[in-house]
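Fold and contact review
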Amino acid sequence: MNSKSILCVALTVSILFWFGAVSASQEKQELITVKSADVNNGVVVITAQGEKAPIELQCNKDFLGCAVLRPGAYLMVRLAKNHGPYECSNVTVYAKGQRPDALGEELGSYCIAEK
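The present account deals with the structure reproduced in this document. Note that the structure is predicted; figures quoted are calculated from it, not measured.

A few points about the overall build of the protein chain
Within the protein chain, the regular secondary structure consists of one helix and six strands. Starting at the N terminus, the α and β elements of the protein chain follow one another as α-β-β-β-β-β-β. With 115 residues in all, the protein chain has 25% of them scored as buried. Residue pairs at least 24 apart in sequence account for 42% of intrachain contacts in the protein chain once pairs closer than 6 positions are excluded. Just so you have it, the protein chain exposes about 7,900 Å², and 56% of that area is on carbon and sulfur atoms.

If you want it as structure tokens, here you go:
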């Protein structure tokens, strides 16, 4: 193969992986309703209701991307294993967009514990 063919194959594979990653992350979106948020010893603890079960989100208050969320509706995206700042199941929370499945502004990254 010549260098143009190799470049074309590499570009095609990269695009396929990108589309796979985007579609995988879209499958893991979930609407949540935050009920309360507290700060205890530097840990933000958010109690919320997921689509199927209650959940608890935690983050370190002084960590970049940690925010105390107000009660209300948000869109949560579950990150793939070993992705995110914490050594647990990581999620990113977004403000709800105009459409139910649209991501709004990124609000924070959290460790999730399902109750």
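Looking at the state of the cysteines
By definition, a disulfide is the covalent link that joins the sulfur atoms of two cysteine residues. In total, this model carries two disulfides according to the counting rule given. The partner cysteine of Cys59 in its disulfide is Cys66, sulfur to sulfur 1.9 Å. Disulfide Cys59-Cys66: the torsion about the S-S bond is 60 degrees, which places it as right-handed. Look at Cys59 and you get buried, because its relative accessible area is 2%. Each disulfide of the protein chain joins two cysteines, and with those cysteines numbered along the sequence the arrangement is 1-2, 3-4.

Regarding the pattern of salt bridges
When the charged atoms of two side chains lie near each other, side chains of opposite charge can form a pair. A full pass over the atoms with the stated rule returns one salt bridge. In this structure, the salt-bridge partner of Arg78 is Glu30, at a minimum N-O distance of 3.1 Å. Remark: Glu30 occurs in strand β1 (residues 29-40) and Arg78 occurs in strand β4 (residues 72-78); sequence separation between them is 48 residues. The buried category is assigned to Glu30, whose relative accessible area is 10%.

Some remarks on unusual backbone geometry
The backbone phi angle of Asn41 is positive, close to 55 degrees, even though this residue is not glycine. One can find Asn41 in the loop between β1 and β2 (43-49).

Looking at the nonpolar core
Formed by 18 residues in total, the largest nonpolar core has its most connected members in Ile32, Leu57, Met76, Val93 and Tyr110. Looking at this core, the elements with two or more residues in it are β1, β2, β3 (54-60), β4, β5 (90-96) and β6 (103-114). Those residues in contact with Val93 that lie beyond four places of it in its chain are Ile32, Leu57, Leu69, Tyr74, Leu75, Met76, Glu105, Glu106, Leu107, Gly108 and Tyr110.

Concerning the sheet that holds β6
The strand order around the closed barrel formed by six strands is β1-β2-β3-β6-β5-β4, and the pairing between neighbours is antiparallel. The mean inter-strand angle of the sheet, taken between neighbouring strand axes irrespective of direction, is 50 degrees. Alignment of β1 against β2, held across seven bridges, turns out to be antiparallel. Along β2, the bridge assignment pairs Asp38 with Val45.

Thresholds applied
- Residues numbered from 1 in each chain as written.
- Predicted model: local features only at pLDDT ≥ 70, side-chain atom pairs only at ≥ 80, totals over all residues.
- Heavy atoms only, no water.
- Helix = DSSP H or I, 4+ residues; strand = E, 2+ residues; numbered from the N terminus.
- Buried < 20%, exposed > 50% of the residue type's maximum accessible area, 1.4 Å probe, protein only.
- Contact = heavy atoms within 4.5 Å.
- Areas by Shrake-Rupley, 256 points an atom, 1.4 Å probe, with all protein chains shown as cover.
- Disulfide = S-S within 2.5 Å.
- Salt bridge = Lys/Arg side-chain N within 4 Å of Asp/Glu carboxyl O.
- Core = buried A, V, L, I, M, F, W, Y, C linked by side-chain atoms within 4.5 Å.
- Pairing = 2+ DSSP bridges.
- Axes fitted to C-alpha atoms, helices over the stretch in contact; angles between N-to-C directions.

In short, geometric facts, not functional conclusions.
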